[in-house]
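# An overview of the molecular structure
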Amino acid sequence: MANMCPYGKFTHAVVRGIPETFGKVVGDSRENGEVSVDLAKAQRQFGCLTGALRQKVGLQLIEIPPDPELPESWRIEDVAVIQGDTALITRPFKQQRRSEAEAVRRVMSELNLTVVEMGAEEGDSAGATLEGSDVLFTGREFFVGISSHTNRRGAELLADTFRDFAVSTVPVCGGARLKNVCSMGGPDTIIFSSSDGAKKTLRMMEQLTDHHYEVLTVPEESAANCVYIKGPSSRDFLLHRPAEECPDSASAFQKLQDYTLLPTACSEASKLGASLSSLCLLINRKHTYF
């Protein structure tokens, strides 16, 4: 499989608002299933993210209204994997989160994407789970993290959907998702944290690929998740955690010459195990359907 699609060219971003129930984690094993978060601050941070995507990067922004009945629906990255003209609607690990896909499915259809479903619980897809935050697409291939949220059968269904690209699975240590420890920093650059778990994942990815990627290492794990976009202006943008949240990693991003760096706060979502990329789905469309 030698297909290649230069990574990072996007025209649209799809986001979903922060609901009043933000912080209520469905299916949580703790007694009250809640984490101490600042709702107003989370909503401000979300507004800064969407403002950066629309006004600074120049993407067309599609915002799905928040739904208080779906307290984790703002983690929109989990419910779809999009490449080219195809959107794979995933199956999150938690049963309670699977209805989040309905609104996303409608938007994908309105954008004239080919929508692929993982299938019913029975048959070939029985037991499969897949969340987009465990999927790293490099423009050349997919890496799927096998974690507490995504299993091998889910990775197989992704491979069945995107047959033009190689798909490799890598274990994710602990409860983190793959994109908690790494993300794309450019067409051939992967940003990794320096944690032991991230180093193990990197070594395995290097063994599985025949392509050489540049690696930018950051000392703080929460800094490893960034959002790289080559916007409509063909400038390179990188949304990353600000120095106030990741002070030891700020200097690492300065190594990305000729980039427009956009520090973007994500402290409240991070308390819930999310990261910057969790909050958006990025799409490359030649035409606008809205």
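The structure reproduced in this document is the subject of the present report. Keep in mind the model is a prediction, meaning the values are calculated, not measured.

Analysis parameters
- Residues numbered from 1 in each chain as written.
- Predicted model: local features only at pLDDT ≥ 70, side-chain atom pairs only at ≥ 80, totals over all residues.
- Heavy atoms only, no water.
- Pairing = 2+ DSSP bridges.
- Helix = DSSP H or I, 4+ residues; strand = E, 2+ residues; numbered from the N terminus.
- Axes fitted to C-alpha atoms, helices over the stretch in contact; angles between N-to-C directions.
- Salt bridge = Lys/Arg side-chain N within 4 Å of Asp/Glu carboxyl O.
- Buried < 20%, exposed > 50% of the residue type's maximum accessible area, 1.4 Å probe, protein only.
- Contact = heavy atoms within 4.5 Å.
- Phe/Tyr/Trp six-rings, centres within 6.5 Å; stacked < 30°, edge-to-face > 60°.
- Right-handed = clockwise from strand over helix to strand, strands pointing away.
- Polar contact = N/O pair within 3.5 Å; in protein donor to acceptor, adjacent residues only side chain to side chain.

Turning our attention to the sheet that holds strand β13 (residues 236-240). The mixed open sheet is built from three strands, whose spatial order is β12-β13-β14. Edge positions in the sheet fall to β12 (227-230) and β14 (259-263), since each of these pairs with one other strand and no more. Between one strand axis and the next, the sheet turns through 20° on average, direction left out of account. Pairing between β13 and β14: five bridges, direction parallel.

Under the criterion given, the structure shown has 17 salt bridges. The salt bridge involving K271 is made with E268; its shortest N-O contact spans 3.1 Å. Of this pair, K271 and E268 are both found in helix α7 (residues 267-271), three residues apart, which corresponds to roughly one turn of the helix. Of the residues examined, E268 reaches a relative accessible area of 2% and is grouped as buried. Connected through salt bridges with shared partners, the residues R75, D78, R97, E100, E131 and R177 form a single ionic network.

Checked against the element boundaries, I89 lands in strand β4 (residues 86-89). Its relative accessible area of 2% is what places I89 among the buried residues. For the pair I89 and L158, spaced 69 residues apart in the sequence, the C-alpha separation amounts to 9.8 Å. Every residue in contact with I89, bar those within four places of it in the chain, is listed here: V79, A80, A101, R105, V115, V116, E117 and M118.

Counted under the stated rule, the structure contains eight aromatic pairs. When the ring of F22 is compared with that of W74, the centres are 5.1 Å apart and the planes differ by 55°; the resulting orientation is tilted. Separated by 52 residues along the polypeptide, F22 in the loop between β1 (12-16) and α1 (39-57) and W74 in the loop between β2 (60-64) and β3 (80-83) bring together distant segments of the chain. The same class applies to F22 and to W74, which are both buried.

Direction of pairing for strand β7 (residues 141-146) relative to strand β8 (residues 166-171): parallel, over a ladder of six bridges. Across the sheet, residue F142 finds its bridge partner in β8, namely V167. One crossover worth recording links β7 to the parallel β8 by way of helix α3 (residues 152-161), and it is right-handed.

The next subject is the sheet that holds strand β6 (residues 135-137). Taken together, three strands build an open sheet; the order of strands is β6-β7-β8 and the sheet is mixed. The two strands at the open ends of the sheet, each matched to only one other strand, are β6 and β8. The average undirected angle you get between the axes of adjacent strands in this sheet is 20°. Sitting on the sheet, helix α5 (residues 196-208) is in contact with β6, β7 and β8, with an inclination near 150° to β8.

The subject of this paragraph is the environment of R98. Here R98 shows up in the loop between β4 and α2 (101-110). Between the alpha carbons of R98 and P242 there is a distance of 32 Å; along the sequence they are 144 residues apart. There is a polar contact of 3.4 Å between the side chain of R98 and the backbone oxygen of F93.

Its identity is not glycine, yet S234 carries a phi of approximately 70°, on the positive side. Positionally, S234 belongs in the loop between β12 and β13. Classification of S234 by relative accessible area gives partly exposed; the value is 45%. Non-glycine residue D258 carries a positive phi angle of around 70°. Note on placement: D258 falls in the loop between α6 (250-253) and β14.

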